[in-house]
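# Notes for the structure review
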Amino acid sequence: MNKNNKLLNIEDLRVYYVMSSGSVKAVDRVNLDIGKNEVVALVGESGCGKSTLAYSILRIIPYPGRIIDGKIYFNNIDITALPEEEMRKKIRWRNISMIFQGAMNSLNPVMKIKDQLMEAIIYHEDAIDDVEGAYLRAIDLIKRVGLDPSRVLESYPHELSGGMKQRVVIAMSLLLNPKLVIADEPTTALDVTTQANILELLRDIQKEVGISILLITHDLPVVAEIADRVFVMYAGKIIEHADIYSIFKEPQHPYTDGLISSVPSLVEGKLKKLKIMKGEPPDLINPPSGCRFHPRCPYKMDICEKEEPPPVTIKEGHVVNCWLHVKR
Amino acid sequence: METPVLEVNNLKKYFAVSKGLLYSILFKRVDYVKAVDGISFDIKEKEIFVLAGETGCGKTTTGKVVLGLYKPTDGQVKYKGFDIFRIRRRQWRRIRHKLQMIYQDPYESLNPRQRVFDIISEPLRLNKLYKSKDELYDRVMKVMEDVKLVPPEDFMIRYPHELSGGQRQRVAIARAIVTNPDFIVADEPVSMLDASLRASILNLLLEFREKLGVTYLYITHDLATARYVGDRMAIMYLGQIVEMGNIDDLIENPQHPYTQALISSIPVPDPEYTRRKRRIRLEGEPPTPINPPSGCRFHPRCPYRMDICEKEEPTYVDVKDGHIVKCWLHIKR
Amino acid sequence: MTKEIRLRQKRKYGERFREIKEFLRVYRKNRLGMLGLSLIIIYVIIALLAPYITPYDPFERVADPFLPPNPEHIFGTDELGRDIFSLTIYGTRISLFVGILATLLSAFIGSAVGIVSGYFGGLVDDLLMRITDLFLIIPGIPFLIVLSVILGSNIWNIITVIAIISWPSTARLVRSETLSLKTRTFIEAAKLAGATDTYILFRHILVNVLPLISASIILTITRAIILEAGLSFLGLGDPTKISWGTMLYFADRYGAMFSTNPYYIIIPGIALSILGLAFVFVSYAIDEIVNPRLKTRRLR
């Protein structure tokens, strides 16, 4: 069935939002893989389909979106074919959990943290034997995310700071010992010093517990800080992926290059001449023909408009979809 | 010596915390949020002065007081030598359009029911800064070309919801510069935009400094973009400036423990560098500005805390050519 | 060059109604809304053409009293021998007239109070809102009865009285919308551009609360028509005018229900119910379009 021992393997996935005005091709023939004990970053700008990709892994795509075709293998099981009941019981949260964007602001304001954590534990009743066990687990998790259980468990969300709430949300994602945690912009609304603490926490937990993390973000410095491998997404497609050092040192796709050279660096300051990318990301109902980046690409050739570039392996584990690298 | 474009002296802005009429009568006291508590700085012509700090440090409040949107509790704001809270109303009306603001969120800062032409021309119409209809159109066209909303005709008749985030921010900038202001407060102007669009907006701001001689107060929490555009920077913590100086010097040789921690926490888009650097971890999170800590406000979180820090507030010390820091570590006793 | 711009400006005014067109395009898809709208249009046409539709003069005795329906008088006659069908047609005029005028008056007062109170806040807000509360807690019907007794029963007084008890809910609605608009930064940006409070109130606040006001008008109309009928039914209507309420009043008073012609009470009742229902349908439809929470979520 599946040839490698990756934790997650997405093959040729297409997810469209089907509407009367046309289909939004949010995810269009995407291949992505996550190994065991790995932090993989999915980088892209708003509206490129990266959140939709995350939702498809959990099969919680909002209406009217649906998986058109493609496979998602988790531990060599195709989860696109699982019945909903099994998905809910065996995969969602049990094996793959998610830290949603802005989740710290969607904690229930009238429930104590303790009750919110335990509710989730008890909901998956067969995961834990009894209420006391659930309580011990909650204490354990709160400690693990670096908070003081006696202070936090009896509090309501408004009594906690942003950083503390984000830690609670991380604790919730770890409730059932998942193997993969999807983190959608986990540090966006946080202050710099808090952001650094949260990133460090994610890194520590990942090493300690041995989970894999799929980090979804648009923030390149954060990616540089924490990820092992990077997938770059543009207009519903993965256009390049490589290990973290190759991506930042030798980006091969003009978009990746443009993205990296348009981010100011604290160290280089004014010495770094920022590259300006022309135009704006396309709309996904009628994406450009051929290579989707061609209208904004500084190296555009005739073929780019006509045909979609095939994946080219630059070196082991570094793959780019760009005509510049296709030998003809 | 030339007069600075903006001079801020010992500025304070307290907001009363409303706990109800009964509470204030019974306890005869009103609590205040000391959003800004005694800050001073000045900005020279064509300078980009950065006010940086974390949420709730008072940087946005400062920006609004400086524009006259809030009345200060105490202290002075001088624009080209005029105290903006003392001059006559009439005179203030005449110069008010010379001070403008660019907001963080271009979805909130444009009236959804106005067309782009009306949004951009509004400051000109309100201040009667044009002689004829033709001149009005020409100026709007010109400024739209300046912010690269081209061709202007295509954008003029659109509503904000028909534009992308980047285009909206360009409309907001066009509106701010259409009156040829001398001074602009830019409050996180790129933090809501996608990475690939930020550089062009930043360059636009730099371009207007060269072409129109605009002076900026750039408010941000993002020190990397700050360093790209800024000349001088002040770091704020709980309503006070803890360190101020030339931006390169300040980022390379931070003197205040808070600045040091802040700078060491910022990820850099270079995996090798960012994983090698040493990070100073801070305890806790910023306390509220309602009852700030005694002495040095940073002392509860400071790794180098001394006895005196809790008791007395430190004064500013000049460590190098106008690079000043408010910390007991630098005060020789 | 400027000529070219003027041409484009002209096109701009051609596009001015684009929003309304877009609204109508969506509205047309709403079946219940279209049903309501057609009914209202029919009522309006009936009201306008009343003298040409009615077979008899509604103020004249044309047959024996309490005649049951017959070929000459399809709904029979009333206690004075007047034609019920003609009376009902004429009643449409008064019901619509009172409903619409009272609503406009109430929308005007409510919007003005709401906007001023929300925008200026502080003491002005406190004062205006306490007054609004006062009117809100007044029990509607008894107050109306007392007022119309004091003012006397003529149609203008009825309109005033209905407006007086309807405006507070509009004021509340408009105020809360204004409060949320006030915090949007485009208001502050307008101040920086040199706008005065009056300018901001009209150019920035009012245009943004207008959709809300129009939605509330539709709802108020229904209420106003029913109130007018209620008042008249209690015998507080204008006795010189025919409305469905006064018809019901007399029908009740002369025991029409148990007379030879129960249609005397049924027909104006049905006319009233259908009109009320029509407005409710329209307001549902508008609510579905205007209220963003009912719209499908924007895709990320």
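Quantities reported herein were computed from a predicted structural model and do not represent experimental measurements. The residue numbering used here restarts from 1 in each chain and proceeds along that chain's sequence as written. Chain A is the first chain written and ligand 1 is the first ligand written, with later ones labelled in order. Where totals are concerned, whole chains, interfaces and linings use all residues; where local detail is concerned, this predicted model gives features only for residues with pLDDT of at least 70, and gives and counts side-chain atom pairs only at 80 or more.

Turning next to the overall build of chain A. Counting from the N terminus, the helices are DSSP H or I runs at least four residues long and the strands are E runs at least two residues long. Counting its regular elements, chain A contains eleven helices and twelve strands. Structurally, chain A occupies a C-alpha span of about 65 × 50 × 40 Å along its principal axes. The burial criterion counts other C-beta atoms lying within 10 Å of a residue's C-beta, which is placed from the backbone; the residue is buried at 20 or more, exposed at 12 or fewer, and partly exposed between these limits. Here chain A, with 328 residues, has 47% of them falling under the buried criterion. We call two residues in contact if the C-beta atoms placed from their backbones are at most 7 Å apart. The contacts of chain A with a sequence gap of at least 6 include a subset with a gap of at least 24, amounting to 62%.

Glancing now at the overall build of chain B. Counting its secondary structure elements, chain B contains 13 helices and twelve strands. For 333 residues, the compact-globule estimate of 2.2 N^0.38 gives 20 Å, and the C-alpha radius of gyration of chain B, at 22 Å, lies within 12% of that figure. Expressed as lengths along the three principal axes of its C-alpha atoms, the size of chain B is roughly 70 × 60 × 45 Å. Counting across all 333 residues of chain B, residues that qualify as buried make up 49%. Look at the contacts in chain B between residues 6 or more apart in sequence, and 64% of them connect residues 24 or more apart. All radius of gyration figures rest on C-alpha atoms, and the globule criterion is 2.2 Å times the number of residues raised to 0.38.

Should pLDDT be low for a region, the predicted coordinates there are not to be read in detail. Residue-level confidence of the predictor, termed pLDDT, takes values from 0 up to 100. Looking at chain B as a whole, its pLDDT mean stands at 91, while 97% of the residues score no less than 70. If you check the scores for this complex, the pTM reads 0.87 and the ipTM reads 0.88.

Okay, the pairing of strand β12 (residues 323-326) of chain B next. All names here are of chain B. Relative to β12, strand β10 (residues 240-246) runs antiparallel, the two being bridged by two bridges. By the bridge assignment for β12, methionine 244 is matched with isoleucine 324. The sheet contact formed by strand β11 (residues 316-320) and β12 spans four bridges and is antiparallel. Paired with lysine 320 across the bridge in β12 is histidine 323. Two strands pair under a simple rule: DSSP has to find at least two bridges between them. Between β11 and β12, which follow one another and run antiparallel, lie two residues, and aspartate 321 among them has a positive phi close to 35°.

So, on to the pairing of β10 of chain B. Residue and element names in this part refer to chain B. The buried fraction of β10 amounts to six of the seven residues, a majority that puts the element mostly inside the structure. In terms of strand pairing, strand β9 (residues 232-237) meets β10 through six bridges, oriented antiparallel. Looking at β10, one finds that alanine 234 is bridged to methionine 244. Between the end of β9 and the start of β10, which pair antiparallel, lie two residues, with leucine 238 showing a positive phi angle near 45°.

So, about the interface of chain B and chain A. Listed per partner, the contact involves 34 residues of chain B and 34 residues of chain A. Looking at the side of chain B that touches chain A, the elements that each hand over two or more residues are α8 (195-212), α9 (223-229), α10 (247-252), α11 (257-265) and α12 (271-276) of chain B. A total of six residues in the side of chain B that touches chain A trace back to one element, the largest contributor, which is α8 of chain B.

If you look at the interface, chain C gives 18 residues, while chain B gives 24 residues. Within the residue set of the side of chain C that touches chain B, elements represented by two or more residues are α1 (2-14), α9 (185-192) and α10 (197-233) of chain C. The element contributing the most residues to the side of chain C that touches chain B is α9 of chain C, with six residues. Lys, Arg, Asp and Glu make up the charged group, whereas Ala, Val, Leu, Ile, Met, Phe, Trp, Tyr, Cys and Pro make up the nonpolar group; the residues left over, Gly among them, are polar. Here the residues of the side of chain C that touches chain B sort into seven nonpolar, five polar and six charged.

This part covers the sheet that holds strand β2 (residues 22-34) of chain A. Residues and elements named next belong to chain A. Pairing in this open sheet of four strands is antiparallel, and the strands run β2-β1-β4-β5 from one edge to the other. Strands with a single pairing partner mark the edges of an open sheet, and in this sheet they are β2 and β5 (77-78). Where strand β4 (residues 65-74) meets β5, two bridges bridge the pair, whose relative direction is antiparallel. Bridged to phenylalanine 74 within β5 is isoleucine 77. With axes taken as lines fitted to C-alpha atoms, and helix axes fitted only over the stretch in contact, angles between N-to-C directions fall between 0 and 180 degrees. In the packing of helix α1 (residues 50-58) onto the sheet, contacts are made with β1 (8-19), β2 and β4, and the angle to β2 comes to roughly 70°.

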